[in-house]
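Okay, here's what each chain looks like letter by letter:
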Amino acid sequence: MRQGTLIRLIPASIFMMILTLAYVPGFIPRELFLGYLGISLFTYLAYATDKTSSERGGKRTQESSLHLLSTIGGWPGAAFAQQLLRHKTQKLSFRVVYWFTVIGNVGIFIWYLSPYNTLF
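Keep in mind that what you see is a predicted model, and the values were worked out from it rather than measured.

**Q** Whenever I open this one, the pattern of salt bridges confuses me. Can you help?
**A** Side chains carrying opposite charge are able to pair once their charged atoms draw close together. Throughout the structure, instances matching the rule amount to four salt bridges. Across the pair Glu 63 and Lys 88 runs a salt bridge whose closest N-O atoms are separated by 3.0 Å. Of this pair, Glu 63 sits in helix α3 (residues 63-84) while Lys 88 is found in the loop between α3 and α4 (92-113), placing the two residues 25 residues apart along the sequence. Accessibility expressed as a relative area gives 14% for Lys 88, which makes it buried. Residue Glu 63 is classed as partly exposed on the basis of its relative accessible area of 25%. Connected through shared salt-bridge partners, Glu 63, Lys 88 and Lys 91 make up one network.

Given below as structure tokens:
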């Protein structure tokens, strides 16, 4: 694995560590913790399926679907899929939207943990 690949995995790795550290003492509910893990795994598999379809000339997954998965919490799985599978790493417009989904999701997670969260 190239050094650049490892560096690109740092944000997702740090987030997953923070997620775990927030779950263990009970700052976040089990459902949220398991939800992030589940949607990340599902997103990774969606990228893998799209990569296979791309190589075989089959039906592709819409980019908007991949972005939706990232937005709802699957971005760590997307980060690992992009780097480990070498998929969706070259198209700048895709990467820009992906990073907006990351920022949006992390922002909502931080708000959830903050004292300003009065909904939960």
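**Q** Is there a simple way to explain the nonpolar core in this structure?
**A** Side chains of nonpolar character tend, in soluble globular proteins, to be buried together. Among the nonpolar cores identified, the biggest contains 21 residues, and Phe 15, Leu 19, Ile 28, Tyr 47, Trp 75, Tyr 98 and Phe 109 are the most heavily contacted of them. Of all the elements in the fold, those that place two or more residues in this core are α1 (3-23), α2 (30-56), α3 and α4. Here this core takes six residues from α3, the largest share from any one element. If near-sequence neighbours (up to four positions away) are discounted, Tyr 98 is found in contact with Tyr 47, His 67, Ser 70, Trp 75, Ala 78, Ala 79 and Gln 82.

**Q** For this particular structure, what's the right way to read unusual backbone geometry?
**A** Leave glycine aside and you will find that most residues have negative phi; peptide bonds, for their part, are mostly trans. Its identity is not glycine, yet Arg 86 carries a phi of approximately 55°, on the positive side. Within the fold, Arg 86 resides in the loop between α3 and α4. Given the relative accessible area of 32%, Arg 86 is considered partly exposed. Within the chain, Lys 88 stands out as a residue other than glycine whose phi angle is a positive 65°.

**Q** Just checking my understanding: could you explain α4 for this structure?
**A** Along an α-helix, residues three or four positions apart point the same way, because every turn accommodates 3.6 residues. Over its 22 residues, α4 extends 32 Å from the first C-alpha to the last, a length consistent with the 32 Å expected when each residue adds 1.5 Å. Of all the residues in α4, the buried ones are Phe 94, Tyr 98, Thr 101, Val 102, Asn 105 and Phe 109. One side of α4 holds all its buried residues, which, seen down the axis, span an arc of 105°. With respect to the buried face of α4, the exposed residues turned more than 90 degrees away are Leu 92, Phe 100, Ile 103 and Ile 110.

About the thresholds
Residues numbered from 1 in each chain as written. Predicted model: local features only at pLDDT ≥ 70, side-chain atom pairs only at ≥ 80, totals over all residues. Heavy atoms only, no water. Salt bridge = Lys/Arg side-chain N within 4 Å of Asp/Glu carboxyl O. Helix = DSSP H or I, 4+ residues; strand = E, 2+ residues; numbered from the N terminus. Buried < 20%, exposed > 50% of the residue type's maximum accessible area, 1.4 Å probe, protein only. Core = buried A, V, L, I, M, F, W, Y, C linked by side-chain atoms within 4.5 Å. Contact = heavy atoms within 4.5 Å. Expected span 1.5 Å × (residues − 1). Arc of directions from axis to C-beta.

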